[in-house]
Amino acid sequence: MKCDVAIVGAGLAGLVAAIEARAHGANALVLDKLPDPEKWNAVTQLPGGTGNDTWRSGGGGLARFAGDKLVEHLLDGPGELEAGKDPVDVLLARHQRLGWDAVDTALLRSYCQRIFDDCCWLRDELKMPYDATGRTVKGLGIGLFKTLYQRAIERGVQFSFETSAQSLVTDSAGRITALRATRGGAPLEIETPAVVLATGGFQGDRALLREHAGTVIADDVAMVGSPENTGDGHRMAQALGAQLRHLGVVHIRTTDFFFGQGPSRYLLHIYPMGIYFNRNYERFIDEGVADSDTIANAIAFQPGASAGLVFDDKARAKFAREYDKYPRREQLIKTGGTIAELARNMHLDPVRLQKLVDDFNAAITDGRASGPNLPKSRLAMPIDTPPFHGFHPVRPA
């Protein structure tokens, strides 16, 4: 078997690489160890089943357009554009803030400048179908994968599923000459001068997770990504002398008992008006500014990798539709006429939860709180309007 370029992995990166290779006249072959996509049955953002991480993803965040301007991740979307702000500057500032300013500014600026072109390419060249908001791909991750897969087929990309890449072959000068794989248990060698490794992460390999991300992430955080991502591409690159660096950052999100996206995603406007606490009844995050993934990463390092959230009815009433739409709300969100009653319904210590809420309320001045445990820089409101609402446990995944 021969090809101009072999691409290992049929996810977002691999499919885009294959489409671009064909656009430049190359004969592209995509290998993937998963079965044919017609047999995939994974459910978006839930563990179990068969399907890669593109298939399992929410398919959102790729684009939100206001006319011909990309406004995804802008704090106030079109409003900031109308105020004359440069979208790239706003995006860059957001990433700097979320990266605690420990970021490569030049690299990030290049990334932010490319986002608009790339999203327009998806929308205009590949005719990616978005929902009415212009933000989320129709069909979520499954729709994203199916569109990319169909566009690749239309452009003549070849596929070989149930094919597991094993190693890269080089000549005496170190140039790639072939890719060794197995298909149906039989060895297969593909002659090719170029290989793209697009095998995703390695969340399916606990040893690699422990080595690079640590035991807390490997052992205490639930996995909702594809278990077939086992670092195959990393190992093949390492065998040729590549070094693995800076692989300790993991995408973690909050989740609930049913592996839903958790309150930091589904109660996006409510949770900043409440307080998160760990099993020691201590606050550990500035709820007013922390986003979902930052909260989830913080929870991962709390005792038992678990947390609780409490808010009052004025927060619920302000965003009632968001509250009412929470999946399986009746089973997951507890309520109580008093904090003590709420604590009992959440199987928590009423005295300790009451003290935490009292201390927080006493620390509030002009929308900010000096404590307890750490400041809250915005949206600090007394938790004093019954009924009270709580969510426990909130876990990282």
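Refer to the structure printed above.
### Quick notes on the sheet that holds strand β9 (residues 195–197)
- The 4 strands lie next to each other as β5-β2-β1-β9, forming an open sheet whose pairing is parallel. A strand with exactly one partner marks an edge of an open sheet, and here the two such strands are β5 (158–161) and β9. Each adjacent strand pair in this sheet contributes to an overall mean axis angle of 20°, direction not counted.

### So, the packing of aromatic side chains
- Going through the model one piece at a time under the given rule, you end up with 14 aromatic pairs.
- Plain terms: the ring middles of W55 and F145 are 5.9 Å apart, the flat faces sit at 65° to each other, and that makes the pair edge-to-face. In this pair, W55 sits in helix α2 (residues 53–56) while F145 sits in helix α6 (residues 140–154), placing the two residues 90 residues apart along the sequence. The pair W55 / F145 is uniform in exposure class, with both members buried.
- Between the aromatic rings of F145 and Y149, the centroid separation amounts to 5.5 Å while the plane-to-plane angle is 20°, which identifies the pairing as stacked. You can see F145 and its partner Y149 sitting in helix α6, 4 residues apart, about one turn around the helix.
- Accessibility expressed as a relative area gives 0% for F145, which makes it buried.
- Overall, Y149 belongs to the buried group, its relative accessible area being 17%.
- Taken together, the ring pairs connect W40, W55, F145, Y149, F159 and F161 into an aromatic cluster.
- Over the ring of Y323 we find R316, and its NZ or CZ is 6.0 Å from the ring centre.
- Above the face of the F258 ring, R328 is positioned so that its terminal group lies 4.1 Å from the ring centre.

### With respect to the pattern of salt bridges
- A full pass over the atoms with the stated rule returns 17 salt bridges.
- In this structure, R180 engages E189 in a salt bridge whose closest nitrogen and oxygen atoms are separated by 2.9 Å.
- The class of E189 is partly exposed, set by a relative accessible area of 39%.
- We note a salt bridge from D313 to R316, for which the minimum N-O separation is 2.6 Å. Of the two residues, D313 and R316 both sit in helix α12 (residues 313–318), 3 residues apart, roughly one turn of that helix.
- Residues joined by salt bridges that share partners form a network here, namely R151, E154 and R155.

### Focus on the packing of helix α4 (residues 87–98) against helix α5 (residues 105–125)
- Interhelical geometry of α4 versus α5 gives an angle of 130° and a closest axis separation of 9 Å. Between α4 and α5, the angle falls in the class oblique. Between α4 and α5 the crossing geometry is right-handed. Counting all contacts with α4, which are made through V88, D89, L91, L92, H95 and Q96, the residues of α5 involved are T105, L108, R109, Y111, C112, Q113 and I115.
- For the contact of α4 with α5, a count of residues per class yields 7 nonpolar, 4 polar and 2 charged.

### A closer look at the nonpolar core
- Ranked by size, the top nonpolar core spans 26 residues in total, and within it L15, M128 and L148 carry the most contacts.
- Contributing elements (two or more residues each) for this core: β1 (5–8), α1 (12–23), β2 (28–32) and α6.
- Discounting chain neighbours no more than four positions away, the residues touching L15 are A10, F145, L148, Y149, A152 and F159.

### A closer look at α1
- An ideal rise of 1.5 Å per residue puts 16 Å on 12 residues; α1 measures up with 17 Å between its terminal C-alpha atoms.
- The inward-facing, buried residues of α1 abut β1, β2, α5, α6 and β5.

### Remarks on the pairing of strand β6 (residues 163–170)
- Taken together, the 7 bridges between β6 and strand β7 (residues 176–183) define a ladder with antiparallel strand orientation. In the sheet register, T170 faces β7, and the bridge partner there is I176.
- Counted between consecutive antiparallel strands, the loop separating β6 from β7 contains 5 residues, among which G174 sits at a positive phi close to 90°.

### Concerning the environment of D89
- If you trace the backbone, D89 turns up in helix α4.
- Spatially, the C-alpha atoms of D89 and T133 are 23 Å apart, while their sequence positions differ by 44 residues.

### As for helix α11 (residues 292–300)
- Residues of α11 that are buried: S292, I295, A296, A298, I299 and A300.
- Tucked inside the fold, the buried residues of α11 contact α8 (215–220), β10 (254–255), α10 (263–266), β11 (275–277), β12 (307–311) and β16 (388–396).

### Focus: unusual backbone geometry
- Residue P386 is joined to P387 through a cis peptide bond whose omega torsion reads -5°.
- At R328, a position not held by glycine, the phi torsion is positive, near 55°.
- Relative to the helices and strands, R328 resides in the loop between α13 (320–324) and α14 (329–332).
- We note that L379 has phi near 60°; this positive angle belongs to a residue other than glycine.
- As for its position among the elements, L379 is in the loop between β15 (368–369) and β16.

Rules behind the numbers
- Residues numbered from 1 in each chain as written.
- Predicted model: local features only at pLDDT ≥ 70, side-chain atom pairs only at ≥ 80, totals over all residues.
- Heavy atoms only, no water.
- Pairing = 2+ DSSP bridges.
- Helix = DSSP H or I, 4+ residues; strand = E, 2+ residues; numbered from the N terminus.
- Axes fitted to C-alpha atoms, helices over the stretch in contact; angles between N-to-C directions.
- Phe/Tyr/Trp six-rings, centres within 6.5 Å; stacked < 30°, edge-to-face > 60°.
- Buried < 20%, exposed > 50% of the residue type's maximum accessible area, 1.4 Å probe, protein only.
- Lys NZ or Arg CZ within 6 Å of the ring centre and 35° of its normal.
- Salt bridge = Lys/Arg side-chain N within 4 Å of Asp/Glu carboxyl O.
- Parallel < 35°, antiparallel > 145°, perpendicular 65-115°, else oblique.
- Left-handed = near helix turned anticlockwise from the far one by under 90°.
- Contact = heavy atoms within 4.5 Å.
- Nonpolar A, V, L, I, M, F, W, Y, C, P; charged D, E, K, R; others polar.
- Core = buried A, V, L, I, M, F, W, Y, C linked by side-chain atoms within 4.5 Å.
- Expected span 1.5 Å × (residues − 1).

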